[in-house]
Amino acid sequence: MANLPAAVHCGVDLQPFNSLAISAKAQYYSKVSDLVTLREMLHWCASEHLPLLLLGGGSNLVFCGDWPGLVLQYADTDIRLVADEGEDLLVRAGAGVEWHRFVLTASQRGWYGIENLALIPGSVGAAPVQNIGAYGVELESVVASVEVVDIQSGALTVLSKADCQFGYRDSVFKQAAKDQYVITAVTFRLAKQFSPVLTYPALIEVLPSTQPTPQQLIDAIIAVRQNKLPDPAVIPNVGSFFKNPVVNGQTAAQLKHQFPDMPMYPAADRCQKLPAAWLIDRAGWRGRSLGPVAMHDRQALVLTNPGRGDGHDVLALAQAVAADVLSMFGVALEMEPQCVGVSDGD
Ligand code: EPU
């Protein structure tokens, strides 16, 4: 293409950019870190009628084929205290900051509230999309606002927490505003006073005391995660592959009758949340592989790619697991990561 902008690379292999390590090609790839260049890239992409894929840390994507357009990463890595509001502090982080680095930086500077989210792979910009959560804390509890650039108009807007419509592994960015914005920064409401959330039973077991320091809590979270969850840099994975399904009270009662040892957690509207890991484990899939991909032996909800399979291998395993869970328990599993890309067969 004659008028290729300087920031654009052609035919880039995306394997290093997705934590499942799936090999797929981007027709064009660009990493930008300022709003002016971002707007130039969005304008170029629209004028060339190219499909746009926004990439964060690539830890919640399954490439099911190549990307016939532009893959864009926004790499602003600035972290800054923007306001002191008495007990709270407002801290702004660029979308390109690696999430775990942000957790460590915040704790070191005395900004508290995200210790339980240590070691979650991905970037700050991707965190609001699926409202990341772990060990009793969800991102929504600390988000103040999200800065976004409208893909069509290039206008910068600040969305309030309410605008983000957060739900369990869900937000407006996956629903009404899907493909509408580039997230450029997130402002967090963090606390000056450390008040640990210790509701998750396995945490108590590894903590040296019930009044841990912030660093002790972070270390405990890291230990619990490392014990169960594979490091994507060693065994490629995207964390939990399915959401925990929510069933109504009547279905829950029937399941409890049939499977008395099935764990259940109360959810809104008298519903119950079922651990997908338990269902998958009971369906016989923990530690089992299908071709180059497998369900992890220490956490059955994590699909891994030790044999460097492609998106079709991943989906074949996901479908086989979901089919067995459905026939055994009558419960449908919903995938957590997004499928992207186009294969020859599509
Ligand atoms: N279990 C099994 N077999 C297994 C693993 C777990 O039977 O192989 C049972 C456990 O005994 C427990 C239940 O399943 O009763 C729940 O397991 P766990 O506590 O490990 O949590 P989870 O519901 O599987 C969720 C999040 C994780 C988060 C943990 C801790 C989802 C989809 N996953 O997992 O988030 O780290 O809780 O808060 O909500 C992620 O989203 O990528 C992720 C890793």
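Just above sits the structure.
Calculation notes
Residues numbered from 1 in each chain as written. Predicted model: local features only at pLDDT ≥ 70, side-chain atom pairs only at ≥ 80, totals over all residues. Heavy atoms only, no water. Helix = DSSP H or I, 4+ residues; strand = E, 2+ residues; numbered from the N terminus. Rg over C-alpha atoms; globule rule 2.2 N^0.38 Å. Buried < 20%, exposed > 50% of the residue type's maximum accessible area, 1.4 Å probe, protein only. Contact = heavy atoms within 4.5 Å. Pairing = 2+ DSSP bridges. Salt bridge = Lys/Arg side-chain N within 4 Å of Asp/Glu carboxyl O. Phe/Tyr/Trp six-rings, centres within 6.5 Å; stacked < 30°, edge-to-face > 60°. Lys NZ or Arg CZ within 6 Å of the ring centre and 35° of its normal. Core = buried A, V, L, I, M, F, W, Y, C linked by side-chain atoms within 4.5 Å. 1 Å grid on protein atoms, 1.4 Å probe; cavity = no way out; pocket = protein on both sides within 12 Å on 5 of 7 lines; lining within 4 Å. Points joined across faces, edges and corners; volume = space filled by probe spheres on them. Nonpolar A, V, L, I, M, F, W, Y, C, P; charged D, E, K, R; others polar.

## With respect to the overall build of the protein chain
- Across its full length, the protein chain holds seven helices and 20 strands.
- Expected size for 346 residues packed as a compact globule is a radius of gyration near 20 Å; at 21 Å, the protein chain falls within 12% of this value.
- Counting only C-alpha atoms and orienting by the principal axes, one finds that the protein chain spans roughly 65 × 60 × 35 Å.
- In the protein chain, which comprises 346 residues, the share counted as buried stands at 49%.
- Sequence-distant contacts in the protein chain: of pairs separated by 6 or more residues, those separated by 24 or more amount to 62%.

## Describing the sheet that holds strand 16 (residues 272-273)
- Across the sheet, which stays open at both edges, the three strands sit in the order 14-16-15 with antiparallel pairing between neighbours. Two strands bound the open sheet, and with one partner strand each, they are strand 14 (246-247) and strand 15 (265-266).
- Summarising the sheet, strand 14 and strand 16 pair through two bridges and their orientation is antiparallel. Each residue of the ladder has a partner; that of valine 246, found in strand 16, is lysine 273.

## A few points about the pattern of salt bridges
- Tallied over the full model, the rule gives nine salt bridges.
- With a closest N to O distance of 2.9 Å, aspartate 281 and arginine 286 form a salt bridge.
- A relative accessible area of 44% places arginine 286 in the partly exposed class.
- A cluster of three or more residues bridged by salt bridges with shared partners is formed by Glu85, Asp88 and Arg189.

## Some words on the packing of aromatic side chains
- As enumerated under the stated definition, the model contains ten aromatic pairs in all.
- A centroid spacing of 4.8 Å and a plane angle of 20° characterise the contact between phenylalanine 17 and tyrosine 29, whose relative ring orientation is stacked. Residue phenylalanine 17 is located in the loop between strand 1 (8-13) and strand 2 (25-32), and its partner tyrosine 29 is located in strand 2; the two are separated by twelve residues in the primary sequence.
- Each ring, one from tryptophan 278 and one from phenylalanine 329, has its centre 5.9 Å from the other, and the planes form 50°; the classification is tilted. Here tryptophan 278 is found in helix 6 (residues 276-282), whereas its partner phenylalanine 329 is found in helix 7 (residues 311-329), with 51 residues between them in sequence. Summarising the burial analysis for this pair, tryptophan 278 and phenylalanine 329 share the class buried.
- What links up through ring pairs into an aromatic cluster is the set Trp99, Phe102 and Phe188.
- A cation over a ring is seen here: lysine 273 above tyrosine 168, with NZ or CZ 3.5 Å from the ring centre.
- The ring of tryptophan 285 has arginine 288 lying over it, and the distance from NZ or CZ to the ring centre is 3.8 Å.

## A few points about the nonpolar core
- Ranked by internal contacts, the top residues of the largest apolar core, which has 48 residues, are Phe242, Met262, Leu279, Ile280, Leu303, Phe329 and Leu333.
- Secondary-structure elements contributing two or more residues to this core are strand 2, strand 3 (52-55), strand 4 (61-63), strand 5 (67-74), helix 5 (249-258), helix 6, strand 18 (293-295) and helix 7.
- No other element matches the eight residues that helix 7 contributes to this core.
- If we ignore the near neighbours within four places in the chain, the residues touching methionine 262 are Leu255, Lys256, Leu274, Trp278, Leu279 and Phe329.
- Core analysis: the next-biggest nonpolar cluster, separate from the first, contains 47 residues, Val103, Ala118, Val124 and Val224 among them.

## Digging into the layout of surface pockets
- Here the second largest pocket defines a volume of roughly 360 Å³.
- Looking at the lining of the second largest pocket, the elements that each hand over two or more residues are helix 4 (214-228) and strand 13 (237-240).
- Across the lining of the second largest pocket, the residue classes break down as seven nonpolar, six polar and three charged.

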